[in-house]
Amino acid sequence: GGFALGVDYVSNYDGALVTLGVAAGYSGSDISAGLSSASVETWNIGLYGNIEKDALRLSGAATYGFQNYDINRVIPVGMGFVTANGDANGSVFAASLAASYNIAPMLGLDAKTRIAPLIRVDHVSARRDGFVETGAGILNLSVGGDDFARTYLSLGFEASTEFSTCAGNGPLASEVLPAIRLLPVWRGPHLPRRVPLRTVTGWWSA
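Definitions and limits used
Residues numbered from 1 in each chain as written. Predicted model: local features only at pLDDT ≥ 70, side-chain atom pairs only at ≥ 80, totals over all residues. Heavy atoms only, no water. pLDDT = per-residue confidence, 0-100. Contact = heavy atoms within 4.5 Å. Helix = DSSP H or I, 4+ residues; strand = E, 2+ residues; numbered from the N terminus. Buried < 20%, exposed > 50% of the residue type's maximum accessible area, 1.4 Å probe, protein only. Salt bridge = Lys/Arg side-chain N within 4 Å of Asp/Glu carboxyl O. Core = buried A, V, L, I, M, F, W, Y, C linked by side-chain atoms within 4.5 Å. Phe/Tyr/Trp six-rings, centres within 6.5 Å; stacked < 30°, edge-to-face > 60°. Patch = residues over 30% accessible without salt bridge, like charges linked within 9 Å, V, L, I, M, F, W, Y side chains within 5 Å. Areas by Shrake-Rupley, 256 points an atom, 1.4 Å probe, with all protein chains shown as cover.

Examining the confidence of the model for the protein chain
Atom-level detail of predicted coordinates should not be read off regions where pLDDT is low.
Then, number 1: Confidence in the prediction of the protein chain, expressed as mean pLDDT, is 83, and 79% of residues score 70 or more.
Then, number 2: Within the model, the stretch residues 167-175 combines pLDDT values under 50 with 10 contacts to residues more than four positions away or in other chains.
Then, number 3: Under a pLDDT of 50 for its full length, residues 192-206 has, in the predicted model, 35 contacts with residues more than four places off or in other chains.

What to know about the environment of Thr-63
Then, number 1: Mapped onto the secondary structure, Thr-63 falls in strand E4 (residues 56-77).
Then, number 2: Note on Thr-63: relative accessible area 29%, which makes it partly exposed.
Then, number 3: Along the backbone, Thr-63 and Val-22 are 41 residues apart, and their C-alpha atoms lie at a distance of 9.5 Å.
Then, number 4: When near neighbours in sequence (up to four residues on either side) are disregarded, Thr-63 contacts Asn-44, Ile-45, Gly-46, Val-92, Phe-93 and Ala-94.

What to know about the pattern of salt bridges
Then, number 1: With the rule as written, the count across this model stands at 8 salt bridges.
Then, number 2: A salt bridge links Glu-158 to Arg-57; the shortest N-O distance between them is 3.5 Å. Placement of Glu-158 in strand E9 (residues 146-160) and of Arg-57 in strand E4 is noted, with a sequence separation of 101 residues between them.
Then, number 3: On the basis of relative accessibility, which here comes to 6%, the residue Glu-158 falls in the buried class.
Then, number 4: When the shortest N-O distance is used, the salt bridge between Arg-114 and Glu-158 registers 3.4 Å. Pair noted here: Arg-114 is in strand E6 (residues 114-128) and Glu-158 is in strand E9, with a separation of 44 residues, a long-range link. Of the two residues examined, Arg-114 and Glu-158, each falls in the buried class.
Then, number 5: What emerges from the salt-bridge pattern is a single network uniting Glu-52, Arg-57, Arg-114 and Glu-158.

What to know about the nonpolar core
Soluble globular proteins tend to bury their nonpolar side chains together.
Then, number 1: Counting residues in hydrophobic clusters, the biggest one holds 5 residues: Val-40, Tyr-69, Ala-88, Phe-131 and Val-143.
Then, number 2: Apart from the residues within four sequence positions on either side, Val-40 is in contact with Ser-27, Gly-28, Ser-29, Gln-67, Asn-68 and Tyr-69.

Quick notes on the packing of aromatic side chains
Then, number 1: All chains considered together, the criterion is met by 4 aromatic pairs.
Then, number 2: With centroids separated by 4.7 Å and ring planes inclined at 50°, the aromatic side chains of Tyr-26 and Trp-43 adopt a geometry described as tilted. A residue pair is termed long-range when its members are at least 10 positions apart, and Tyr-26 in strand E2 (residues 16-33) and Trp-43 in strand E3 (residues 36-53) qualify at 17 residues.
Then, number 3: For Trp-43, a relative accessible area of 48% translates into the label partly exposed.
Then, number 4: A ring pair is formed by Tyr-64 and Phe-66, whose centres lie 4.8 Å apart and whose planes are at 75°; its orientation type is edge-to-face.
Then, number 5: Since its relative accessible area comes to 31%, Tyr-64 is described here as partly exposed.
Then, number 6: One aromatic cluster is present, built from ring pairs that chain together Phe-3, Tyr-26 and Trp-43.

Some thoughts on a nonpolar patch on the surface
Then, number 1: A cluster of nonpolar side chains, contributed by Phe-3, Leu-5, Val-7, Val-22, Trp-43, Ile-45, Leu-47, Tyr-64, Phe-66 and Phe-93, occupies part of the molecular surface with about 980 Å² of accessible area.
Then, number 2: At the level of secondary structure, the elements contributing two or more residues to the nonpolar patch comprise strand E1 (2-13), E3 and E4.
Then, number 3: Classification of Val-7 as exposed rests on a relative accessible area of 53%.

This is how it looks when you write it as structure tokens:
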């Protein structure tokens with residue numbers, strides 16, 4: 001579960017519609033496998049913006065998350081169990097830049113319709129620190145950190161239209177704006193990629 005909230009500012013600058021915003025949120029998740037379990041808490045903060053002038057639209061967003069991992073590994077020992085506990089910090093970063101151009105006027109469609117080829121670049125990276133387990137004596141493990149990053153280039157298009165509905169003898173004061181975004185039509189290979197590395201060391205008994 002979790003929550004998110006944000007605020008944005010919209011202005012008209014030199015004939016362009018500009019939107020700037022900031023958002024923050026929290027999320028938590030739990031994972032279990034047999035008797036073992038893990039939980040992850042993430043606090044996020046992000047920025048986003050959009051510039052639209054004539055047929056051109058540029059948008060971007062970036063978010064950074066602070067994470068905490070709580071890991072409990074249950075180990076059978078003799079007729080009972082011991083629990084090895086691990087605690088680690090981590091982070092996640094994501095960013096996106098997109099540009100689209102409305103070609104609906106070129107197709108003879110009205111001003112309320114938008115059909116726009118789109119190009120987008122997405123990047124995501126995540127990191128978890130290494131940690132040393134406690135609580136299980138010689139069965140505790142020392143776990144190395146994980147690191148992951150990918151960047152994608154995508155091509156696609158978005159489409160939307162707007163119309164008013166009518167009922168009875170007069171129009172309703174409402175507008176419907178259905179939108180479809182199909183992305184990607186093509187997605188290139190990720191570049192670059194850092195291969196996640198993980199090392200585990202410890203003691204065990206037969």
